[in-house]
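If you want the building blocks of each chain, they are given just below.
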Amino acid sequence: MLDTETCVYFLLMPNSKRNKEHSIMVRGHQLYKSFSKIHKNTKYIEFQQFMKSNNNDNKKKVIYLLKPILKYVTQIKTENTLFIYDVIDQIYEKKKYIYDICQLSDIIISPNSKVTEDLNKQFPEKDIYTEHHNWDIQFKNFKRTKILNKPVFAISGSLNKFEEKILEIFKERIHNLGHVPSIESLNNVNVMLCFRKKQGSYGKPSTKVAAAAIFDTVFVGTDSYAFKDVLGTDYPYFIPIIKKNNTIADLDNIEKLLDKVEKTYNTKIWNDAVQKMQEVKKESHVDAISQRLYQHIANKYNN
């Protein structure tokens, strides 16, 4: 167990605009609220406040870093400070400062197994593990009430340029639900889509699959690293990662995939996918993620 006197800080960097981003709230604040139920001595704190009140004592501290900035991280690292770096999608940029923060960290949370493999080669002495992305708790009680007798395709969240192109080409088949879907719009769809290129596949977490799970939908998209991590390599509704130049073959693959979903609707293939999404929903619950985080922190201190 973690010593009750050890405070765990979920630290916000000095960037008020970024700290209000949806991803910071879901991954940062919601994880903090969940973790504080396990370890009462937990705080959600801004960098300036932390520097004024906590940085000059010699007490043991655990600091969870989400989208950190190197020049601030170096100011708070001490012998009694255990750093947790939740990489999420920062690794996507592959910039030097990211690896500098990894070097300063004791525990690194990776967005997918490929990133974990690469980071373990660079930092073999670190505790590095792959973690699901949690779904947004504002949707935790959502359950579709409308009966749908066929697959209804939708896409949401931040879109890449290829997904924008797909929406144009397949506008009669795919609904754009916006950055954060409304309950009303979710009631009218049962399939969520996401198509990533190689670079995006490498750096991105399983956010879109977690969202699809809590939206009570089946996920359909590319076999990106994080998506395969949570759904398995044998998941039936995958296509290969999108090629760099958005080829005609990629568009053909998407059309064939949409056709496959329609042809297999309410068959064993579809029902198995529905069951898999229920498993993802459970594993991507923020309470499950915070419990695993707590165990890694406790193991680090105990060892």
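Residues numbered from 1 in each chain as written. Predicted model: local features only at pLDDT ≥ 70, side-chain atom pairs only at ≥ 80, totals over all residues. Heavy atoms only, no water.

**Considerations on the overall build of the protein chain**
Across its full length, the protein chain carries 13 helices and 11 strands. Whereas a compact globule of 303 residues would reach a radius of gyration of roughly 19 Å, the protein chain reaches 20 Å, a difference of no more than 12%. For the protein chain, the spread of C-alpha atoms along the three principal axes comes to 65 × 40 × 35 Å. Within the protein chain, the fraction of its 303 residues that count as buried is 52%. Of the contacts formed within the protein chain by residues at least 6 apart in sequence, a portion of 66% connects residues at least 24 apart. With an accessible surface of roughly 14900 Å², the protein chain has 49% of that area assigned to carbon and sulfur atoms. Of the charged side chains in the protein chain, 47 are positive and 35 negative; the average position of the first set lies 2 Å away from that of the second. (Helix = DSSP H or I, 4+ residues; strand = E, 2+ residues; numbered from the N terminus. Rg over C-alpha atoms; globule rule 2.2 N^0.38 Å. Buried < 20%, exposed > 50% of the residue type's maximum accessible area, 1.4 Å probe, protein only. Contact = heavy atoms within 4.5 Å. Areas by Shrake-Rupley, 256 points an atom, 1.4 Å probe, with all protein chains shown as cover. Lys, Arg positive; Asp, Glu negative; His and termini not counted. Charge placed at Lys NZ, Arg CZ, Asp CG, Glu CD.)

**Points about the sheet that holds strand 5 (residues 107-110)**
Across the sheet, which stays open at both edges, the six strands sit in the order 2-1-3-4-5-6 with parallel pairing between neighbours. Here the strands that pair on one side only, and so sit at the sheet edges, are strand 2 (42-46) and strand 6 (127-130). Looking at each pair of strands side by side, their axes are set apart by 20° on average, direction ignored. Across three bridges, the pairing between strand 4 (residues 81-86) and strand 5 is parallel. The residue of strand 5 that forms the bridge with Y85 is I108. (Pairing = 2+ DSSP bridges. Axes fitted to C-alpha atoms, helices over the stretch in contact; angles between N-to-C directions.)

**Description of the side chain of N190**
If you trace the backbone, N190 turns up in the loop between helix 7 (183-186) and strand 9 (191-194). Sequence-distant contacts of N190, defined by excluding residues within four places in its chain, comprise R144, L148, K150, P151, V152, T217, V218, Y265 and W270.

**Some details on the packing of aromatic side chains**
Under the criterion given, the structure shown has 13 aromatic pairs. When the ring of F10 is compared with that of Y64, the centres are 4.6 Å apart and the planes differ by 35°; the resulting orientation is tilted. Here F10 is found in strand 1 (residues 7-12), whereas its partner Y64 is found in strand 3 (residues 61-66), with 54 residues between them in sequence. Note on F10: relative accessible area 2%, which makes it buried. What links up through ring pairs into an aromatic cluster is the set F10, Y32, F35, Y44, Y64 and Y294. Positioned over the ring face of F83 is K77, at 4.6 Å from the centre of the ring. (Phe/Tyr/Trp six-rings, centres within 6.5 Å; stacked < 30°, edge-to-face > 60°. Lys NZ or Arg CZ within 6 Å of the ring centre and 35° of its normal.)

**So, helix 9 (residues 207-214)**
Residues that lie three or four places apart on an α-helix share one face, since the helix turns once every 3.6 residues. Extensive coverage of helix 9 is indicated by the burial of seven of its eight residues. The set of residues buried in helix 9 consists of K208, V209, A210, A211, A212, A213 and I214. Looking one or two residues past helix 9, D216 carries a phi angle of roughly 60°, positive in sign.

**Points about the packing of helix 6 (residues 161-169) against helix 11 (residues 248-263)**
To characterise two packed helices, one gives the angle between the axes of the helices and the distance between these axes. One way to put it is that helix 6 packs onto helix 11 with a least axis distance of 12 Å and a crossing angle of 60°. Classified by the angle between their axes, helix 6 and helix 11 sit oblique to one another. The element helix 6 and its partner helix 11 pack so that their crossing is right-handed. On helix 11, the residues touching F162, K165, I166 and I169 of helix 6 are D250, L251 and I254. Class assignment of the residues belonging to the contact of helix 6 with helix 11 gives a composition of five nonpolar, no polar and two charged. (Parallel < 35°, antiparallel > 145°, perpendicular 65-115°, else oblique. Left-handed = near helix turned anticlockwise from the far one by under 90°. Nonpolar A, V, L, I, M, F, W, Y, C, P; charged D, E, K, R; others polar.)

**Digging into the packing of helix 1 (residues 22-38) against helix 13 (residues 286-302)**
Here helix 1 crosses helix 13 at 65°, and the two axes come no closer than 9 Å. As the angle between them shows, helix 1 and helix 13 are arranged roughly perpendicular. In the crossing of helix 1 with helix 13, the sense of the turn from one axis to the other is right-handed. Contact residues: helix 1 offers R27, Q30, L31, S34, F35, K37 and I38, while helix 13 offers V286, D287, I289, S290, Q291, L293, Y294 and I297.

**Some words on the sheet that holds strand 7 (residues 153-155)**
Taken together, the five strands give an open sheet; going across it, the order is 8-7-9-10-11, and neighbouring strands pair in parallel fashion. Where the open sheet ends on each side, the last strands, each with one partner, are strand 8 (174-176) and strand 11 (238-239). As paired strands, strand 10 (residues 218-222) and strand 11 are joined by two bridges and run parallel to one another. Residue pairing across strands places T222 opposite I239, the latter belonging to strand 11. Of the strands in this sheet, strand 7, strand 8 and strand 9 are in contact with helix 6, which crosses strand 8 at around 125°. In the packing of helix 12 (residues 268-283) onto the sheet, the strands contacted are strand 9 and strand 10, and the crossing angle to strand 10 comes to about 100°.

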